[in-house]
Amino acid sequence: MAETFESVAPATGEVLATFPRSTAADVDRAVQAAKAAFEEWRLVPAPERGNVLFRFAELLRAHKDELADLMTREMGKVKAEAGGDVQEAIDMSYYMGGEGRRLFGQTTPSELRDKFMMSVRMPIGVVGAITPWNFPIAIPSWKLAPALVCGNAVVLKPAEDTPLLAQRFVELLAEAGIPDGVVNVVHGFGEEAGDALVRHPDVPVISFTGSRETGIAVTKAAADRLKHVHLELGGKNAIIVMDDADVDLAVEGIVWSAFGTTGQRCTAASRVIVHEAVYGELQSKLVAAAERLRLGPGWEDETDVGPLINRAALEKVHSYTEIGKNEGAKLLTGGEPYANGGGLYYRPTVFADAEPDMRIAQEEIFGPTTALIPVAGFDEAVAAANAVRFGLSSSIYTRDVNRAFRAMRDLQTGITYVNAGTTGAEVHLPFGGTKETGNGHREAGQAALDVFTEWKSVYVDYSGKLQRAQIDNAERPAPR
Ligand code: ADP
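Everything quoted here is computed from the prediction, not taken from an experiment. (Residues numbered from 1 in each chain as written. Predicted model: local features only at pLDDT ≥ 70, side-chain atom pairs only at ≥ 80, totals over all residues. Heavy atoms only, no water.)

Chemist: Explain unusual backbone geometry here, please?
Modeler: Of note, Leu226 is a non-glycine position whose phi angle comes to about 50°, a positive value. Within the fold, Leu226 resides in the loop between helix 8 (212-223) and strand 9 (228-232). Given the relative accessible area of 71%, Leu226 is considered exposed. Its identity as a non-glycine residue notwithstanding, Asp353 has a phi of 55°, on the positive side. Judged by relative accessible area, Asp353 falls into the partly exposed class, the value being 32%. (Helix = DSSP H or I, 4+ residues; strand = E, 2+ residues; numbered from the N terminus. Buried < 20%, exposed > 50% of the residue type's maximum accessible area, 1.4 Å probe, protein only.)

Now the structure itself:
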């Protein structure tokens, strides 16, 4: 009997489904199926591949409510956010479907007569997509939609916490008309199925979203075969609130960015860097807003904040409360689990008087915890914002246009928001981070295509004679 694992609802502890725990042999079968299907799929005209994505987007629309409901149960986020997660996949599928009629390359004149030159994007082969549980429909779409429109086949290894949603995702792709073998799923654990996928010799591209530590392990495991590795890792995202900010607006943005999805977003605002002139006002307004948030199951209309994903996450979040207290930060509110029907809830937590180098201000907590850091001015705020190893998202609240533009230039992140929180990316701009958030690649937008294609430069000589670049035209006099 093959081993199995369970999908458990974080709000109730209920077992939702049981899945096979894929082994290296299962991964190999999936890769072989993908490898065979790739040879056909790469020859399907790209607009036709795009049409499959359009149909997929329409199916996601038709099933949006069902998927959002399932997400509140399997992953735990609240219904409106779950709907947003599905909507992101809809938007991405339409956007990448349209790429089927673009996938632009370049044409450029040759230095020689009767010679034509162009560059075209080529699919690479079997893509290994490894995804986390926090955006269980959106993130698979960020990887699969561009990979597929470019003509690749895929083996998806979704997070072990959200296999049901991944299963529905690939079922809808099949219904949309993806040919057999082009998309395959292996369920199970990272060190087992995930690692086998990363090391498989017939998987030349790995697209991974998860923690920094796992990203490093994936990079090392992929290095022996010089695979293309795309990484989207952690964040320690800061919101800067200047003395001229609209403080009420900033508080709304902080609450949404720090506590939305229970702080389990890679773009979560886990630091708030506040000008001392508004520090007192912001503290009291933020604490009041955090204490108004209602914790409960994601499917209940009145819930603002759902549970954490699993017990290990709850323990990790709580350990950071202890770390923050021991480091000398001041706990203003929260800092403890909240019992409600067996759910893994944690009270929205705000620390004040954090120093930029404290662990709670440096390390990714991935929970509803944020730390306020007081500063005396703009330069100090930017320096504090940049003093972390991550570089995903940043934000500044100010009504001074000069400061806003300086922040846009000087904040060392892949994404910067002005007068909005640290979260809210749209699918047609690049998504990703600088520094240790990744390795220079981006998802979404045109940038995603670079992960899933190789450039081929093509030269066509129609002169009927040998023409040698850099030699036959070298003696020609420059035009006067
Ligand atoms: P998180 O902390 O968000 O769960 P992880 O980085 O542990 O982040 O997991 C993200 C994804 O990576 C999951 O699908 C997980 O199963 C997978 N994973 C974990 N460890 C490995 C590994 N060593 N090799 C490949 N994939 C892994």
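Chemist: Any chance you could explain the sheet that holds strand 9 here in plain terms?
Modeler: As a general point, the strands of a sheet are linked pairwise by backbone hydrogen bonds and lie either parallel or antiparallel. Spatial ordering of the open sheet is given by 7-6-5-8-9, a layout of 5 strands whose pairing is parallel. Two strands close off the open sheet at either side, each with one partner strand: strand 7 (183-185) and strand 9. Ignoring strand direction, the axes of neighbouring strands in this sheet form an average angle of 15°. Relative to strand 9, strand 8 (residues 205-209) is paired through 5 bridges, and the arrangement is parallel. The residue bridging Ser207 from the neighbouring strand is His230, located in strand 9. Sitting on the sheet, helix 1 (residues 24-41) is in contact with strand 5 (126-130), strand 6 (153-157) and strand 7, with an inclination near 155° to strand 6. (Pairing = 2+ DSSP bridges. Axes fitted to C-alpha atoms, helices over the stretch in contact; angles between N-to-C directions. Contact = heavy atoms within 4.5 Å.)

Chemist: Would you explain a nonpolar patch on the surface in this entry?
Modeler: On the surface, Val401, Phe405, Met408 and Val418 cluster together to form a nonpolar patch covering roughly 360 Å² of accessible area. Ranked by residue count, the leading element in the nonpolar patch is helix 13 (residues 401-410), at 3 residues. Structurally, the position occupied by Phe405 is in helix 13. (Patch = residues over 30% accessible without salt bridge, like charges linked within 9 Å, V, L, I, M, F, W, Y side chains within 5 Å. Areas by Shrake-Rupley, 256 points an atom, 1.4 Å probe, with all protein chains shown as cover. Salt bridge = Lys/Arg side-chain N within 4 Å of Asp/Glu carboxyl O.)

Chemist: Help me understand the nonpolar core in this model?
Modeler: The nonpolar side chains of a soluble globular protein tend to be buried, and buried together. Counting 96 residues, the largest nonpolar core has Met96, Leu144, Leu148, Ile240, Ile273 and Ile360 as the members making the most contacts within it. Here this core gets 8 residues from one element, more than from any other, and that element is helix 5 (residues 138-149). Leaving out residues up to four positions away in the same chain, Ile273 has contacts with Ala238, Ile239, Ile240, Val241, Ile373, Val375, Ala381, Ala384 and Ala385. Judged by nonpolar contacts, the second largest core, of 28 residues, contains Val272, Val274, Val305 and Tyr345. (Core = buried A, V, L, I, M, F, W, Y, C linked by side-chain atoms within 4.5 Å.)

Chemist: Explain the site of the ligand to me, please; I cannot follow it from the model alone.
Modeler: Inspection of the region around the ligand gives 17 residues, with Thr131, Lys157, Glu160, Ser211 and Thr214 positioned closest. A distance of 2.7 Å separates an oxygen atom of the ligand from a polar side-chain atom of Lys157. In isolation the ligand exposes 550 Å². Once the protein is present, 80% of that is buried. Counting only elements with at least two residues in the shell around the ligand, the list comes to helix 7 (190-199), strand 8 and helix 8. At 4 residues, the largest contribution of residues to the shell around the ligand is made by helix 7. (Near = heavy atom within 4 Å. Polar contact = N/O pair within 3.5 Å; in protein donor to acceptor, adjacent residues only side chain to side chain.)

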